[in-house]
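Residue strings, one per chain:
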Amino acid sequence: NNQLDCYRDMVWFSPACRRRSNTSQCVPVMVQYEYHVMLQLSFFLDFPVALVKFRDGSSAFDQVYYDVVRGGNFVFGWFKPDDNLLATDNVPVRVRMPDPNGYEQAQGKYATGLVDMNPRNYMWRYLPSVDKHVSFLASKLDFFDQDVQEFMAQSNVLKTSGMPSREAMFQVACNWLKGNEQTWFPWIPSICPEGFYGDSTLLSCLSCPAGWFCPGGTANATICPVGFFCPENSTQAIQCPNKKITSMYGASSSHGCDTCPSNFVLMGNECEHISIFIVVVLIPFILLAVLLLMYFRKFQGRLQVQEDKDLIEMISDLRKRLHIQLKDGYALSTERLGMRMARSQLKVIAKRSMEAAARLSIFQDDFDEHFFDSFCMCLLQRGSEADVGDSEQYHNLCDWLLEQCRILLLHSNHTQDLERRLEQVGSTVPHWDSLLSSCMQRVLGWFMTGEQRNKLLQMRLEKIRNLSKEERYLFFKTKVTNIKLWKDDITLFRRLQLLAQQLMADLVKSCEQRFNEMVNKEHGAVLVVYAPHIPGVQSDVEGSRRSWQDYSSTFMEQNRHVTLSMERQDTVGAVRYGEREKSDARTDWEQMVKEGALECLDEEIFVVQLNTRSRILNDGFHRAVMDVLLSHCTGLDALTSSSSRETRPVEETVVHELRCIFREGPGNVKVHLARVKSVSRMREKLREYAPPNPKGTWPLCCNILDPVRLCLVCQGPSHMVQVAEWFEASSSSV
């Protein structure tokens, strides 16, 4: 195991063993399972042991384990029922561990012994629906621990005498059945004669009712099928006479046989085949169906839904934009060609691939990036040329794709100016190029009439208007980024990077503008200087980069010489350790220094401590914050939630919206109740705090200051200042 420091990659010495001058004096422990439990027991109980694991998944290696354990005096792991280590002259003696602590073990901490597992009955949850008699037997089986011990002893005696293992087990079971009939007889469900079935308890047999038949034995009562009838006490279903069938299941007499099969008609008192009727009726019906199909195909365009029409129009626009029409040498797989055109002379684009590109253009959720990859492959080459990306169509595709990314990544929708311009244009579009923004201009192209441009622009604006910036970014992240073209064309990917950098620069300017607007609002200046200045914060952030030598020399002294802006988790008791943990950590560190492997010590036990205490504190912290807010709000009747707290997943953030009373009047405050920082996320933070980070002090997890958190969203600086004043004035511990 590459996560443990083992002697010769075979033996793990516990901390208590390593402190001894001679490790050969440590107690040898041989285990097959629960290796992590033995590691923790040795650590928490300070056992000086040398731990060896005998397990590679093969039965041959299991035998090696048994031979080693029987050949010497060792502490070893043994589970029951298993008679391989049971002998008359050398019975294993159990090591007495501290009483089990279920709460700690549920958190992954094993400082106490495991709970004994008494014999229980287990069976497949769906077994009762498959065979309730077998389920009855499985549920009635009842053995005591003493019975199992006797089975093991008898089996061991037989195997010791030379009998194979399976034969020994069979012999012990057979002998018990012969001598304990009074014990196992109540376990057997009722086995009924023909015409009867077992009741719901399987303890007695009932007479088969009319409309059902009962074969007897362990079979259930079966309802009479269509075409048959079943009188009372029937052992099997009776077929209806004269080729008749019943109209439903469960007929109890021949009077229920009153219907003919689907391909028969009643003639007199008997059902006859209707082949002549089929010939007379079926042919006219087929002709009528063909005529209806032709009519439907002819007027299919009139029956299309608006979404399909929009998709067709967008395909037409996109083909013009990318120069992939028939005149450019490109055809759709379903497109009809002229008399003089041969499909072999054209580059064929699959219809679903073209539809994928059109769906990307209007940001439909059913956009399939795999079909779009196929569309891109069609434009990568021109004719039989082998140079990738050499065609005009491919360059047009790259420009169009980047414009789609620009629209998706814009911080706001930017549609108000376009809507205002559109109202002024009318049916003709003079100087259209000067009216459209460069982003929308490139997407629409320059090959459409004014009316067509108006229609498509309205469709695009409506689609963008209905999508929030979060939805657009999610579409880009989950759909567009999966397009294979980014990996195939490095130049295109770099252009996307430059586009993202440009948009980020625009976003920075927007954020700075928004900040200045907030500062100029009421209480804006107060909000800027609201947080008290803490001396030493800047020096802590900009402090010298710590080296591994600093980590080694100060990680036990808690880095007291560095001024920190907040208390660490060990100073508030969220992470706890004693002198023994310090000593063990220093010993492990010195060993790592000798081996030349400079890395952070294992802090899993502290991470679990911090996560566990955070979960305990989380609900109380949220309640305390809500109590402060509700003292200034109209009440819980104005509270809404994005999901039910009882049914939501643990990982989901709950959002409440409160209607609060401010000095200016009523206003809304959103409360985002975030989940506790996960163990996996805490492990990632450990790598961030490792040297040369100025906070690289052991234990590193004590620098994780926000395992329990929430967020308040207010409507402007004035509300933010007032909410902060509520918490300052409150006696709550928040």
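Residues numbered from 1 in each chain as written. Predicted model: local features only at pLDDT ≥ 70, side-chain atom pairs only at ≥ 80, totals over all residues. Heavy atoms only, no water.

### A look at the pattern of salt bridges
Rules: Whenever Lys or Arg places a side-chain nitrogen within 4 Å of a carboxyl oxygen from Asp or Glu, that contact is recorded as a salt bridge. Whether a residue is buried, partly exposed or exposed follows from its accessible area with a 1.4 Å probe, protein chains only, as a fraction of its type maximum: under 20%, in between, or over 50%, in that order. Secondary structure counts use DSSP, requiring at least four H or I residues in a row for a helix and at least two E residues in a row for a strand, with both numbered from the N terminus.
On inspection of all chains with the given rule, the structure shows 21 salt bridges. Here Arg359 and Asp366 are joined by a salt bridge, their closest N and O atoms 3.1 Å apart. With relative accessibility at 43%, the residue Asp366 sits in the partly exposed group. The partner of Glu725 in a salt bridge is Arg663, with the nearest N and O atoms 3.5 Å apart. Of this pair, Glu725 sits in helix H29 (residues 717–729) while Arg663 sits in the loop between strand E15 (654–662) and strand E16 (665–673), and the two are 62 residues apart along the sequence. When its relative accessible area of 32% is taken as the criterion, Glu725 is described as partly exposed.

### Side note on the packing of aromatic side chains
The condition that has to hold: Pairing of aromatic rings covers Phe, Tyr and the six-membered ring of Trp, with a centre-to-centre limit of 6.5 Å; geometry is then stacked below 30 degrees between planes, edge-to-face above 60, and tilted otherwise.
Inspection of every chain in the model, using the stated rule, returns 19 aromatic pairs. An angle of 75 degrees between the planes, with centres 5.7 Å apart, marks the rings of Phe143 and Trp187 as edge-to-face. Of this pair, Phe143 sits in the loop between helix H6 (132–140) and helix H7 (145–160) while Trp187 sits in the loop between helix H9 (181–184) and strand E5 (196–198), and the two are 44 residues apart along the sequence. Overall, Phe143 belongs to the partly exposed group, its relative accessible area being 28%. Between Phe151 and Trp176, the ring centres sit 6.3 Å apart and the planes meet at 85 degrees, which makes this aromatic pair edge-to-face.

### Observations concerning empty space enclosed by the protein
Quick reminder of the rule: Of the grid points, spaced at 1 Å and generated over the protein atoms alone, those admitting a 1.4 Å probe that cannot get out make up cavities, while open sets with protein on both sides within 12 Å along at least five of seven lines make up pockets; any residue with an atom within 4 Å of a point is treated as lining. Grid points are joined across faces, edges and corners, and a volume is the space filled by probe spheres set on the points. Residues are sorted three ways: Asp, Glu, Lys and Arg are charged, Ala, Val, Leu, Ile, Met, Phe, Trp, Tyr, Cys and Pro are nonpolar, and all the rest, Gly among them, are polar.
Throughout the structure, instances matching the rule amount to two cavities of 30 Å³ or more. Each pocket or cavity is described by its volume, and for the largest cavity that value is around 40 Å³. Secondary-structure elements contributing two or more residues to the lining of the largest cavity are helix H1 (15–18) and helix H26 (579–595). When residues of the lining of the largest cavity are assigned to their parent elements, the largest contribution, three residues, is made by H26. The class makeup of the residues in the lining of the largest cavity is one nonpolar, one polar and four charged.

### With respect to the packing of helix H27 (residues 604–630) against helix H28 (residues 679–689)
Applied cut-off: Note on geometry: axes are lines fitted to C-alpha atoms, helical ones only across the stretch in contact, with angles between N-to-C directions running from 0 to 180 degrees. With respect to orientation, any angle under 35 degrees is reported as roughly parallel, any angle over 145 as roughly antiparallel, any angle of 65 to 115 as roughly perpendicular, and every other angle as oblique. Left-handed describes a crossing whose near helix is turned anticlockwise from the far helix through less than a right angle; right-handed describes the clockwise counterpart. Here, two residues are considered to be in contact whenever any of their heavy atoms come within 4.5 Å of each other.
Two elements in contact, H27 and H28, have axes whose closest approach is 10 Å; the angle formed by their N-to-C orientations is 130 degrees. Taken together, the axis directions place H27 and H28 in an arrangement best described as oblique. The handedness of the crossing between H27 and H28 is right-handed. From H27, Glu604, Val607, Leu610 and Asn611 reach across to H28, where they touch Val679, Met682, Arg683 and Leu686.

### Some remarks on the state of the cysteines
A disulfide bridge is the covalent bond that connects two cysteines by way of their sulfur atoms. Selection criterion: Disulfides are defined as pairs of cysteine sulfur atoms found within 2.5 Å of each other.
Enumeration over the complete set of coordinates arrives at six disulfides. The residue that forms a disulfide with Cys633 is Cys660, at a sulfur-sulfur distance of 2.1 Å. When the S-S torsion is 60 degrees, as for the bridge of Cys633 with Cys660, the disulfide is right-handed. Taken together, the residues Cys633 in the loop between H27 and E15 and Cys660 in strand E15 connect sequence positions 27 residues apart. Each of the two residues, Cys633 as well as Cys660, counts as buried. You can see Cys378 has no disulfide; the closest cysteine sulfur is in Cys376, sitting 9.1 Å from it.

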